[in-house]
Amino acid sequence: MSLYMGLGAAISIVCKTPGVGGGKSRLRPLLGAEMAQRLSACFIRDVATALAAIPEALGRQLYALFSPAGSEAVLRTLLPPPWTLVPRQEASVGIVLQVSVAAFLADGHDCAIMVNGDSPTLPTEFVERAITALREPGDRVVLGPARDGGYYLVGLKRPHPRLFEDIAWSTPEVLACTMRRADELGLSVVMLPMWYDVDEPQDFLQLQAELSGQSPGIGAAATSGPAHHTRAFLAAWTEAQPVAP
């Protein structure tokens, strides 16, 4: 039972339904369309596991902001209750984040945190830090910087639509642009440790190295999440690869 009064933090995975919403297009040449779809499903399951590990006593509710609308039945196989599925109708990432933050806060959540569904080894600890930071006095934005120049997490306690406007999404400038926007708004920024999304072939190689114990995630800020589903996928995929002569 939660010891936190009220709705608590709205914690959301932002994702596309595998096999329905596309995604992982940059990994398809390496893995093939079917394997890329399976890997995407593993990522969602593992990120969900990391978020569900946040203690209920901390006060949190779990959501998935997903596209396309109408794919609930497929996504529900990956995210059973207590996950609440929320279709995202808007095409722009910025509008999705802007509208979703405002809606969660209007519903009575004390903060809203959005997490990318492409970081299967993300430590639960990082999200807990975000909740704690947002509950400190004063307004702020919490950002989880990604190695590719974007961010794997954004959290707010008050709506700031301008924070998500005029951002060159899916470019290495996302984080820098967002920080400049926060500065324009006079909004304090709390930065979490760096982590990485798995979008490109080099990210996939980093993931393989991390889960095989050859290298840590990014730095030594925390222990990587277990990523059980992704780990099993990689083991099976590696075993199926032809042996070089």
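Cut-offs used in this document
Residues numbered from 1 in each chain as written. Predicted model: local features only at pLDDT ≥ 70, side-chain atom pairs only at ≥ 80, totals over all residues. Heavy atoms only, no water. Helix = DSSP H or I, 4+ residues; strand = E, 2+ residues; numbered from the N terminus. Rg over C-alpha atoms; globule rule 2.2 N^0.38 Å. Buried < 20%, exposed > 50% of the residue type's maximum accessible area, 1.4 Å probe, protein only. Contact = heavy atoms within 4.5 Å. Areas by Shrake-Rupley, 256 points an atom, 1.4 Å probe, with all protein chains shown as cover. Patch = residues over 30% accessible without salt bridge, like charges linked within 9 Å, V, L, I, M, F, W, Y side chains within 5 Å. Salt bridge = Lys/Arg side-chain N within 4 Å of Asp/Glu carboxyl O. Expected span 1.5 Å × (residues − 1). Arc of directions from axis to C-beta. Pairing = 2+ DSSP bridges. Axes fitted to C-alpha atoms, helices over the stretch in contact; angles between N-to-C directions.

**Topic: the overall build of the protein**
When its secondary structure is counted, the protein shows 8 helices and 7 strands. Rg of the C-alpha trace for the protein: 18 Å, near the compact-globule value of 18 Å for 245 residues, within the 12% margin. Principal-axis analysis of the C-alpha atoms places the extent of the protein at approximately 60 × 35 × 35 Å. Counting over 245 residues, the protein shows a buried share of 49%. Contacts in the protein between residues far apart in sequence, at least 24 positions, make up 67% of those at least 6 positions apart. Only carbon and sulfur atoms are counted for the fraction: they give 57% of the accessible area of the protein, which is about 11,200 Å².

**Let's talk about unusual backbone geometry**
In the segment running from serine 67 into proline 68, the intervening peptide bond is cis, with an omega of 0°. Considering the arrangement of structural elements, one finds proline 68 in the loop between β2 (60–67) and α3 (72–76). Here proline 81 and proline 82 are connected by a cis peptide whose omega angle stands at 20°. Summarising the element assignment, proline 82 is placed in the loop between α3 and β3 (84–87). Here aspartate 166, not a glycine, exhibits a phi torsion of approximately 55°, which is positive. Using a relative accessible area of 62% as the deciding quantity, one classes aspartate 166 as exposed. A positive phi is found at alanine 227, a non-glycine position, where the angle reads about 50°. Looking at the secondary structure, you find alanine 227 in the loop between α7 (201–211) and α8 (228–240). By relative accessible area, alanine 227 is classed as buried at 3%.

**Quick notes on a nonpolar patch on the surface**
Judged by side-chain polarity, Met179, Val189 and Met191 come together as a nonpolar surface patch covering roughly 210 Å² of accessible area. Here valine 189 shows up in strand β7 (residues 188–191).

**Describing the environment of leucine 85**
Tracing the chain through its elements places leucine 85 in strand β3. Classification of leucine 85 as buried rests on a relative accessible area of 15%. Sequence separation between leucine 85 and asparagine 116 is 31 residues; the distance between their C-alpha atoms is 15 Å. Leaving out residues up to four positions away in the same chain, leucine 85 has contacts with Ala64, Phe66, Glu72, Leu75, Arg76 and Leu79.

**Side note on helix α4 (residues 93–107)**
Along its 15 residues, α4 runs 21 Å from first to last C-alpha, staying within 8% of the 21 Å computed at 1.5 Å per residue. Within α4, the full set of buried residues consists of Gly94, Val96, Leu97, Ser100, Val101, Phe104 and Leu105. Taken down its axis, α4 places every buried residue within 160° of arc, on the same side. Those residues of α4 that are exposed and aimed more than 90 degrees away from the buried face are Ala106 and Asp107. Its buried side turned inward, α4 meets β1 (9–16), β2, β4 (111–116) and β6 (151–156). Glycine 108 lies just past α4 and shows a positive phi near 115°.

**Here's the deal with the sheet that holds β2**
Judged by pairing direction, the sheet is mixed, and its 7 strands sit side by side in the order β3-β2-β1-β4-β6-β5-β7 without closing on themselves. The sheet is open, and its two borders are formed by β3 and β7, each paired with just one other strand. Across this sheet, the average inter-strand angle for adjacent strands is 25°, counted without regard to direction. One ladder, built from 5 bridges, connects strand β5 (residues 140–145) with β6; its direction is antiparallel. Directly across from leucine 143, in β6, lies its bridge partner valine 154. Here helix α2 (residues 33–52) sits on the sheet in contact with β1, β2 and β4, set at roughly 175° to β1. Strands β5, β6 and β7 of the sheet are contacted by helix α6 (residues 174–185), whose axis makes an angle of about 165° with β5.

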